[in-house]
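Report on the structure
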Amino acid sequence: MILYEMIDYDTLRVIWWALLGVLLIGFALTDGFDMGVGALLPFVAKTDVERRVVINTVGPVWEGNQVWFILGGGAIFAAWPPLYAVSFSGFYLAMFVVLAALIVRPVAFKYRSKRDGAKWRARWDWALFAGGAVPALLFGVAVGNVLLGVPFHLTEDLMPMYDGSFYGKFLGLLRPFAILAGVVSFSMLLMHGAAWLVLKTEGVIAERARRIGTVAGLVAAGGYALAGLWLAVGIDGFALVNEVVPGAPSNPLYSEVSREGSWLAAYAMRPWIIVAPVMGFLGIALAVMGLRAGREVSTLLWSKMAITGIIASVGLTMFPFILPSTVNPDSSLTVWDASSSHQTLFIMLVCTLIFMPLILAYTSWVYKVLWGKVTEADVTENADTHY
């Protein structure tokens, strides 16, 4: 037996679908509070010292947290090449805006304290705001568009083709449901950032974070509920018409897809997936209660549960679809027809089993070493070593 045949092709596809979800959730759980803190910066910190306190709560960890984003992009490229090709070509301008915001953020971290001028630092503070708020919003918009379906089709040689002009592709993403998804994403990460600040700061900064985080959590819960209702009654789902052929080659054009019914029909077929939205709503409720009560560690953990549930609910609801097409549903990408080869998925899985524990161990060690609150005394007495 060839080594990679120890695990059948379809099982590997499902494993890599799940791993992609794990990586995206890991990114949201870690870099998500970095983005939330950046978006909160102008509103929870009023003086220069307060803003330095806020910045230094994430300063030592934001680079490590972005590893999850890089891993997610790498996993899409290596495990799901058609998804990488179709999504990056269609969302090109949106991706550029997100990457520009993520590039501005480290520059702002490094340059903000290079000069003492108030205007200089204020400009970089707003750059940090943009570096947090823009990705938090656009990632949600992207998820909303995936649920709506994307206007592409595949040619006979599997080249993705999009309708509309270059700029029209970007503006076309800003559909009402997608904007609602962006609001859910933005408010969810604001709540997460607020929970982090309550854990890492004290005094007026923590109090402001509690107030804003409470409102953000309520907005996230309301938006998530509205999005679910919208999916139930206002948006058509996608469904495979033909039966899945075990071990079939990765060619989306071999599948027959219809657009009918609702995405939420998945809950009738797989009732156990209701655990994901329950986690989302329950996590938000407990996080908001924790913020109001002034609890710290548990509030952050409940916020993480909410994010895990909300993101997981999207993937579980859409399964097996990864990127549906509104122009030609038969071009839609699914778990069964958009993966890399059997051997590639197996080799990647072996590498993941080796390196993922190392990443988790390193991340845990970093947070253990850096545990504790950041105070105004820390940043004023250690000006040369803090942002």
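In this text, all values refer to a predicted model and were calculated from it rather than measured experimentally. (Residues numbered from 1 in each chain as written. Predicted model: local features only at pLDDT ≥ 70, side-chain atom pairs only at ≥ 80, totals over all residues. Heavy atoms only, no water.)

Here we look at helix 6 (residues 92-111)
Note that an α-helix has 3.6 residues per turn; residues three or four places apart therefore point the same way. If you check helix 6, its first and last C-alpha atoms are 28 Å apart, about what 20 residues at 1.5 Å a residue would give, namely 28 Å. Taken together, the buried positions of helix 6 are occupied by Leu93, Ala94, Val98, Ala101, Leu102, Arg105, Ala108 and Phe109. (Helix = DSSP H or I, 4+ residues; strand = E, 2+ residues; numbered from the N terminus. Expected span 1.5 Å × (residues − 1). Buried < 20%, exposed > 50% of the residue type's maximum accessible area, 1.4 Å probe, protein only.)

What to know about empty space enclosed by the protein
On inspection of all chains with the given rule, the structure shows one cavity of 30 Å³ or more. In this structure, the largest cavity encloses a volume near 70 Å³. Around the largest cavity sit Asp34, Val37, Gly38, Leu41, Val54, Ile55, Val58, Arg105, Phe109 and Leu128, which together line it. Elements with a minimum of two residues in the lining of the largest cavity: helix 1 (9-44), helix 2 (48-58) and helix 6. Counting residues per element, the lining of the largest cavity draws most heavily on helix 1, at four residues. A breakdown of the residues in the lining of the largest cavity according to their chemical character gives seven nonpolar, one polar and two charged. (1 Å grid on protein atoms, 1.4 Å probe; cavity = no way out; pocket = protein on both sides within 12 Å on 5 of 7 lines; lining within 4 Å. Points joined across faces, edges and corners; volume = space filled by probe spheres on them. Nonpolar A, V, L, I, M, F, W, Y, C, P; charged D, E, K, R; others polar.)

Some details on helix 12 (residues 275-293)
With 19 residues, helix 12 should reach 27 Å at 1.5 Å per residue; the first-to-last C-alpha distance of 26 Å fits that figure. Within the span of helix 12, buried status applies to Ala276, Pro277, Gly280, Gly283, Ile284, Ala287, Val288, Gly290 and Leu291. Axial view of helix 12: buried residues confined to an arc of 160°, hence all on one face. Residues of helix 12 that are buried make contact with helix 9 (176-200), helix 10 (204-234), helix 11 (266-269) and helix 13 (297-318). Of the residues flanking the end of helix 12, it is Gly294, one or two places downstream, whose phi is positive at about 80°. (Arc of directions from axis to C-beta. Contact = heavy atoms within 4.5 Å.)

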